[in-house]
Amino acid sequence: MVKVIRNVTLIDGTGVAPVKGATVVIEDEKITAAGPSGQVEAPAGAGVEAVDGGGLTLLPGLIDAHIHITGTGDPNILKAIRKTVPYVTLESAVNARKTLEAGFTTIRDAGGEWLVDISLRDAIRDGLVPGPRMLVSGMGLSITGGHGDHFFPPEVEFKGRYVVDSPDEARKAAREQLRSGADLIKLMATGGVMSEKDLPTARGMTVAEMEAAIEEAHNAGKKTLAHAQGANGIRNAILAGIDSIEHGFYLTDEIIDLMLERGVFLVPTLVAVHQIIVNGEKAGIPEYGVRKAKEHAEAHRKSFQKALKAGVKIAMGTDAATPFNFHGHNALELQLMVEAGMTPSQALQAATRMGAELLGLSDKVGTVEPGKLADLVLVDGDPLADIKLLQDKERIKLVVKGGQTAVDRRGGKP
Ligand SMILES: [Zn+2]
């Protein structure tokens, strides 16, 4: 299969200036040529599918490096835990489709239960259901009483968690996630906003506990990510060898130096805190969540700005499925990153090239270059002039994943 997309303004994800009148050639699942039309030798004739881009903007498929595909964004916890696993599985497939339809062709899931994330990844890969390509974490590891230890009264047995309280337990838990098929190991290095009984500034897993889990992950060639908000826990995670800090509310100068030194990524997830504050208690978000989000929002924003200024590697992630942080609305994070200080080009790179680097997929996705998988989004308008337009699905005209057309909203156009 050969596809030639002509007449587009190409933003290739590398950060170079857009190229007007560009052509991209796709053979089977890969890009074989991309650049100004005059410099690209495009095949023609029978068997070549010609796509007129109509002067629209062509971007690499977007990457969300922190989502929870098994959740929905509904803050009603009781409703969530009364759903059966088969129901959650079907719902997750719908979430994946919505994410793909919004132009996100690759996602990193930061924790899900009952093997749903792992199975959905495989089902998408096998072509059973549409969705982005996925890297998944399985169950996140938490200390007793920590961010991942959802509190229920002792007479209620709830199995949707993985609690570890020693390096040996952490090691075993990591091995079990890997055995189940996890691509990543997620660790709770601090408390959190939506966990009732802890503080975002409180340490979660200890350095020794995280070290054991990280060693198992790295031994299996897998990366690790830490839910980490307070400085103490962020520092612990970095010292233990973590690959990325998620949220990162309190990055100190010392932490930023460590991140630069070790190439640790930040995935800020600004939209998670934003939606909790904007929607508030009146929308059914628990009081503790709203209170903690408000308490730490300003520090979070400053932390992001400090990291950006220092040149810490930043990948875009939404934490989709936190309250009112709905699947398919992922691009709001790009707007918030720009409002907090990124240029639109930096925000786009965070959601393309940088995401790919964080996921260890730089050789496959993240930029529009020969040899990469043909993950492409055709957008009506210039996202460098108005980053918000990526939130309007009607302007996401075409989504191509691995050379296959996943979404086509071009109407009657050729
Ligand atoms: Zn998360």
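Conventions used here
- By convention here, each chain's residues receive numbers from 1 onward along its written sequence.
- This being a predicted model, a pLDDT of at least 70 is required before a residue's local features are given, and a value of 80 or more before pairs of side-chain atoms are given or counted; all residues contribute to the totals for chains, interfaces and linings.
- To qualify as a helix, a DSSP run of H or I must reach at least 4 residues; to qualify as a strand, a run of E must reach at least 2; elements of each kind are numbered from the N terminus.
- Throughout, the radius of gyration refers to the C-alpha atoms, and the reference size of a globule is 2.2 Å times the residue count to the power 0.38.
- With C-beta atoms placed from the backbone, a residue is labelled by how many other C-beta atoms lie within 10 Å of its own: buried for 20 or more, exposed for 12 or fewer, partly exposed between the two.
- Residues are defined as contacting one another if the C-beta atoms placed from their backbone atoms lie within 7 Å.
- Strand pairing follows a simple DSSP-based rule, namely that at least 2 bridges must link the two strands.
- Fitting a line to C-alpha atoms yields each axis, with helices limited to the stretch in contact; the angle taken between N-to-C directions then spans 0 to 180 degrees.
- Multiplying 1.5 Å by the helix residue count minus one yields the expected span of that helix.
- Values of bend correspond, residue by residue, to the angle between axes fitted over the seven residues ending at that residue and the seven starting there.
- For the domains described, the bounds stem from an automatic or database domain assignment.
- Residues are grouped as follows: nonpolar covers Ala, Val, Leu, Ile, Met, Phe, Trp, Tyr, Cys and Pro; charged covers Asp, Glu, Lys and Arg; every other residue, Gly included, is treated as polar.
- For this classification, under 35 degrees means roughly parallel, over 145 means roughly antiparallel, 65 to 115 means roughly perpendicular, and everything else is oblique.
- Definitions for this section: a left-handed crossing has its near helix turned counterclockwise from the far helix by less than a right angle. A right-handed crossing has that turn clockwise.
- For this entry, the nonpolar core is defined as buried Ala, Val, Leu, Ile, Met, Phe, Trp, Tyr and Cys residues connected by C-beta atoms within 7 Å.

So, about the overall build of the chain. In terms of regular secondary structure, the chain is built from 12 helices and 17 strands. A compact globule built from 414 residues would reach a C-alpha radius of gyration of about 22 Å, and the chain, at 21 Å, matches this within 12%. A burial count over the chain gives 53% of its 414 residues as buried. Taking as baseline every contact in the chain between residues at least 6 positions apart, the subset at least 24 positions apart corresponds to 69%.

Across the sheet, three strands lie side by side as β6-β7-β8; this open sheet has parallel pairing. Every other strand in the sheet has two partners, leaving β6 (62-67) and β8 (133-135) as the edge strands with one partner each. This sheet shows a mean twist of 20° between the axes of neighbouring strands, independent of strand direction. Relative to β8, strand β7 (residues 104-109) runs parallel, the two sharing three bridges.

With eight of its 10 residues buried, helix α6 (residues 231-240) lies for the most part within the structure. Listing the buried residues of α6 in full gives Ala231, Gly233, Ile234, Arg235, Asn236, Ala237, Ile238 and Ala240. Residues of α6 that are buried in the fold lie against β11 (184-188), α5 (207-219), β12 (223-228), β13 (244-247) and α7 (253-262). A positive backbone phi angle near 105° is found at Gly241, which sits one or two residues after α6.

Attention now goes to helix α9 (residues 287-310). End to end, α9 covers 35 Å across 24 residues, agreeing with the expected 34 Å (1.5 Å per residue, within 8%). Largest kink in α9: about 45°, centred on His296. Residues of α9 that are buried: Gly289, Val290, Lys292, Ala293, His296, His300, Ser303, Phe304 and Ala307. Here the buried face of α9 lies against α7, β14 (265-267) and α8 (270-279). At the C-terminal side of α9, Gly311 shows a positive phi close to 90°.

Before going further, it helps to examine the domain arrangement of the chain. You can read the domains of the chain as domain 1 (2-61 + 367-408) and domain 2 (62-359). Here domain 1 and domain 2 have C-alpha centroids that lie 30 Å from each other. Contacts between the two partners involve 22 residues from domain 1, matched on the other side by 21 residues from domain 2. Those elements that place two or more of their residues in the side of domain 1 that touches domain 2 are β5 (57-60), β16 (396-401) and β17 (404-408). Class assignment of the residues belonging to the side of domain 1 that touches domain 2 gives a composition of 12 nonpolar, six polar and four charged.

Across six bridges, strand β1 (residues 2-10) lies against strand β2 (residues 19-27) in antiparallel orientation. For Val2, the partnering residue across the bridge sits in β2 and is Glu27. Summarising the sheet, β2 and strand β3 (residues 30-36) pair through six bridges and their orientation is antiparallel. Its bridge partner lying in β3, Val25 is registered against Ala33. Counted along the chain from β2 to the antiparallel partner β3, the turn is two residues long, and its residue Asp28 has a positive phi close to 55°.

All right, on to the packing of α8 against helix α10 (residues 332-339) then. The N-to-C vectors of α8 and α10 enclose an angle of 95°; their axes lie 9 Å apart at closest approach. Judged on the interaxial angle alone, α10 and α8 are roughly perpendicular. Contacts from Leu270, Val271 and His274 in α8 reach Leu332, Glu333, Leu336 and Met337 in α10. Considering only residue class, the contact of α8 with α10 consists of five nonpolar, one polar and one charged.

As a further point, take the packing of α5 against α6. Interaxial distance between α5 and α6 falls to 8 Å at its minimum, and their mutual angle equals 40°. Considered as vectors, α5 and α6 are oriented oblique to each other. By crossing handedness, the relation of α5 to α6 is classed as right-handed. Contact residues: Val207, Met210, Glu211 and Ile214 in α5; Asn236, Ala237, Leu239 and Ala240 in α6.

Here the focus is the nonpolar core. Counting residues in hydrophobic clusters, the biggest one holds 123 residues, and the most contacted among them are Val24, Ala213 and Ala237. Each of domain 1 (2-61 + 367-408) and domain 2 (62-359) contributes no fewer than three residues to this core. Ignoring any residue separated from it by four or fewer positions in sequence, one finds Val24 in contact with Ile5, Leu10, Ile31, Ala34, Leu58, Val368 and Leu376.

With that settled, the discussion passes to the environment of Ser137. Tracing the chain through its elements places Ser137 in the loop between β8 and β9 (141-142). Residues Ser137 and Thr224, 87 residues apart in the sequence, show an inter-C-alpha distance of 8.6 Å. Beyond its immediate sequence surroundings of up to four residues, Ser137 is in contact with Asp109, Ala110, Gly111, Ala182, Leu184, Ile185 and Lys186.

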